Number of protein chains: 2
Amino acid sequence: MHILLTNDDGINAPGIKALWLELSQIARITVVAPDSEKSASSQAITVHHPIWVDTHCIDTPAICAWRVGGTPTDCVKVALEALLTDDRPDIIVSGINHGSNLGTDILYSGTVSAAIEGALHGLPAIAMSLDSWQPFDFMPAAKMARKIVEKMVTKCLPPNTLLNVNVPALKEEQFKGIAVTKLGVRSYENTFERRQDPRGRIYYWMSGKVSESENDPDTDIIAVKNGRVSITPIHFDLTNYGIIKAMETWEL
Amino acid sequence: MHILLTNDDGINAPGIKALWLELSQIARITVVAPDSEKSASSQAITVHHPIWVDTHCIDTPAICAWRVGGTPTDCVKVALEALLTDDRPDIIVSGINHGSNLGTDILYSGTVSAAIEGALHGLPAIAMSLDSWQPFDFMPAAKMARKIVEKMVTKCLPPNTLLNVNVPALKEEQFKGIAVTKLGVRSYENTFERRQDPRGRIYYWMSGKVSESENDPDTDIIAVKNGRVSITPIHFDLTNYGIIKAMETWEL
């Protein structure tokens, strides 16, 4: 098996190294990852600048990788359409993101978008995230990724479906099980802070705290809150089929 | 009526001015747009840099706008959560993009993502694109936007639904009608061109030509190809509900 790894925290982030350590026990790995942190880059691609690509070893000569001056989606595109055209991977794993990707937040996520890009290219794809913004051991999440990869290759997911996995920040033996979930709703309060620079110009910082939205018990948000590993099957057909018929009567 | 306009081609692009000229006849307009072109930025947001905001008049003092040093989604967020908290718009229109946003390509689109961000905030939202990368008159598309806005405010779309509109590059009287469509599939060939810089470093340009995928007659791609204005209702719930039950038997 040949696994393509990428992420949005950048090639030197601990999450991708943890994935390499665990998944290299069951597969040949190619890492193609951004040269620096690209959080919240969604499915952005680089069309107006060149995309530099070189090789880079992560900590040890054992983990040599393609380093890409672009977004996570750029990494997947350049991997599948340029670097690996004669050595196509069997599966793509994106992450492990340092911080959860839950509910509507996945729309902004570079980690999830890289997996979507893999699925667009017909690959089984998994996005992995750890529910902690603090330093934390990524190995329990990496082991979970291995379990899911091993299961996924024996199952036939529908085309254009990927898995979004969020792992609670707990030791492995503390996980309260695994839940197959739907996406919840995540909203924020006090998102913008207004400031003035020394030249008198106004700027804003985007920040804000998660505000507790009401979420069903079968959502990813509630699963992770309760210490469970959340796996959400994701599609990316944005057509709202249910409303087409009604709209045809609009007489525009 | 109070309409929020934004785009991804930047505040000085002709598409947003055409929208202002047409929609200011039926509503009060606030423009909050990126300071420069932000094509293909998807739903990226700016979390690691400050977001500068100032005012800027487009061509004439009549069209004064908020100019934002960020992505299209940043524009919508800063508009709704900071600049216009006491003057909430009734509807958001994003565009008119210089170039179509059809099929799977909308996943990369800053224009469509800005409309999604509006819908996430509970606003009726429309993304407008003109199917031409060459200079072309935006006014037929702007008039179409006005028609759709006028219709939309009389109809009740389900929450979390927006409209993705693509207008063929034709004179108004040459339109072959309006079609309510589903998203098609758009793929590209020869996407990456490999080059070497004067220092010997390798870089790639992302480009490529649209390759003719097979698309159903009721897709946006075929509608526009046949000279019709395409309107696709869009949602953004990425849960693949159909597969949850099957996955619950996976025994992970």
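Our subject is the structure that appears above.
What this report covers is the structure whose coordinates are included nearby. (Residues numbered from 1 in each chain as written. Chains lettered and ligands numbered in written order. Predicted model: local features only at pLDDT ≥ 70, side-chain atom pairs only at ≥ 80, totals over all residues. Heavy atoms only, no water.)

## A closer look at the interface of chain A and chain B
Now for step 1: Facing 71 residues of chain A, the contacting portion of chain B comprises 71 residues.
Now for step 2: Carbon and sulfur atoms supply 71% of the area buried between chain A and chain B, which totals about 6600 Å² over both sides.
Now for step 3: It is L238, W250 and L252 of chain A in chain A that bury the most area against chain B; as a group they hold 13% of the surface buried on that side.
Now for step 4: Taken together, the links from chain A to chain B amount to 0 salt bridges.
Now for step 5: Taken together, the connections running from chain A to chain B amount to 31 residue pairs in polar contact (both at pLDDT 80 or more).
Now for step 6: Of all the secondary structure elements, the ones that give two or more residues to the side of chain A that touches chain B are strand 3 (51–57), helix 2 (72–83), helix 3 (110–120), helix 4 (139–152), strand 8 (178–180), strand 11 (202–206), strand 13 (229–234) and helix 6 (244–247) of chain A.
Now for step 7: Per-element tally for the side of chain A that touches chain B: the top contributor is helix 2 of chain A, with 7 residues.
Now for step 8: Taken together, the residues of the side of chain A that touches chain B sort by class into 41 nonpolar, 16 polar and 14 charged.
Now for step 9: Two strands pair when backbone bridges link them, and strand 11 of chain A and strand 3 (residues 51–57) of chain B are joined in this way by 2 bridges, in the antiparallel orientation. (Contact = heavy atoms within 4.5 Å. Buried area = accessible area lost by both parts, 1.4 Å probe. Salt bridge = Lys/Arg side-chain N within 4 Å of Asp/Glu carboxyl O. Polar contact = N/O pair within 3.5 Å; in protein donor to acceptor, adjacent residues only side chain to side chain. Helix = DSSP H or I, 4+ residues; strand = E, 2+ residues; numbered from the N terminus. Nonpolar A, V, L, I, M, F, W, Y, C, P; charged D, E, K, R; others polar. Pairing = 2+ DSSP bridges.)

## What to know about the pattern of salt bridges
Now for step 1: Scanning the model with the defined rule gives 24 salt bridges over all chains in all.
Now for step 2: Note that K182 of chain A is salt-bridged to D218 of chain A, the shortest N-O span being 3.7 Å. On the criterion of sequence distance, the pair formed by K182 of chain A in the loop between strand 8 and strand 9 (187–189) and D218 of chain A in the loop between strand 12 (209–211) and helix 5 (220–225) is long-range, its members being 36 residues apart.
Now for step 3: A salt bridge links E22 of chain B to R146 of chain B; the nearest nitrogen and oxygen atoms lie 3.1 Å apart. In this pair, E22 of chain B sits in helix 1 (residues 14–23) while R146 of chain B sits in helix 4 (residues 139–152), placing the two residues 124 residues apart along the sequence.
Now for step 4: Accessibility expressed as a relative area gives 7% for E22 of chain B, which makes it buried.
Now for step 5: Residue class for R146 of chain B comes out partly exposed when judged on its relative accessible area of 22%.
Now for step 6: Residues joined by salt bridges that share partners form a network here, namely E22, R146 and E150 of chain A. (Buried < 20%, exposed > 50% of the residue type's maximum accessible area, 1.4 Å probe, protein only.)

## Some remarks on the packing of aromatic side chains
Now for step 1: This model, assessed by the stated rule, comprises 6 aromatic pairs over all chains.
Now for step 2: Ring centres of W52 of chain A and Y203 of chain B lie 5.3 Å apart, and the angle between their planes is 40°; this geometry places the pair in the tilted category. Pair noted here: W52 of chain A is in strand 3 and Y203 of chain B is in strand 11 (residues 202–206), and the two residues belong to different chains.
Now for step 3: Taking 6.4 Å as the distance between ring centres and 80° as the angle between the ring planes, the aromatic pair formed by Y203 of chain B and W205 of chain B counts as edge-to-face.
Now for step 4: Ring pairs connect the aromatic residues W52 of chain A together with Y203 and W205 of chain B, which therefore count as one cluster. (Phe/Tyr/Trp six-rings, centres within 6.5 Å; stacked < 30°, edge-to-face > 60°.)

## Description of the relation of the copies chain A and chain B
Now for step 1: Of the two same-sequence chains, chain A is brought onto chain B (RMSD 0.0 Å, axial shift 0.0 Å) by a rotation of 180°. The transformation just described matches what one would write down for a two-fold rotation axis.
Now for step 2: A high fraction, 100%, of the interface residues of chain A reappear at the interface in chain B, so the copies pair face to face through one surface. (Least-squares fit on C-alpha atoms with pLDDT ≥ 70 in both.)

## Some thoughts on the sheet that holds strand 6 (residues 125–131) of chain A
Now for step 1: Taken in spatial order, the 11 strands line up as 8(A)-13(A)-7(A)-6(A)-5(A)-1(A)-2(A)-4(A)-3(A)-11(B)-10(B) in an open sheet, and their pairing is mixed. With one partner strand each, in any of the chains shown, strand 8 of chain A together with strand 10 (192–196) of chain B form the two edges of the open sheet. The average undirected angle you get between the axes of adjacent strands in this sheet is 25°.
Now for step 2: In terms of strand pairing, strand 2 (residues 28–34) of chain A meets strand 4 (residues 64–68) of chain A through 3 bridges, oriented parallel. Of the residues in strand 4 of chain A, the one forming a bridge with P34 of chain A is V68 of chain A.
Now for step 3: Those strands touched by helix 1 (residues 14–23) of chain A are strand 1 (2–6), strand 2 and strand 5 (91–98) of chain A, and its axis lies near 135° from that of strand 5 of chain A.
Now for step 4: Set on the sheet, helix 4 of chain A makes contact with strand 1, strand 5, strand 6, strand 7 (162–168), strand 8 and strand 13 of chain A; between it and strand 6 of chain A the angle comes to about 160°. (Axes fitted to C-alpha atoms, helices over the stretch in contact; angles between N-to-C directions.)

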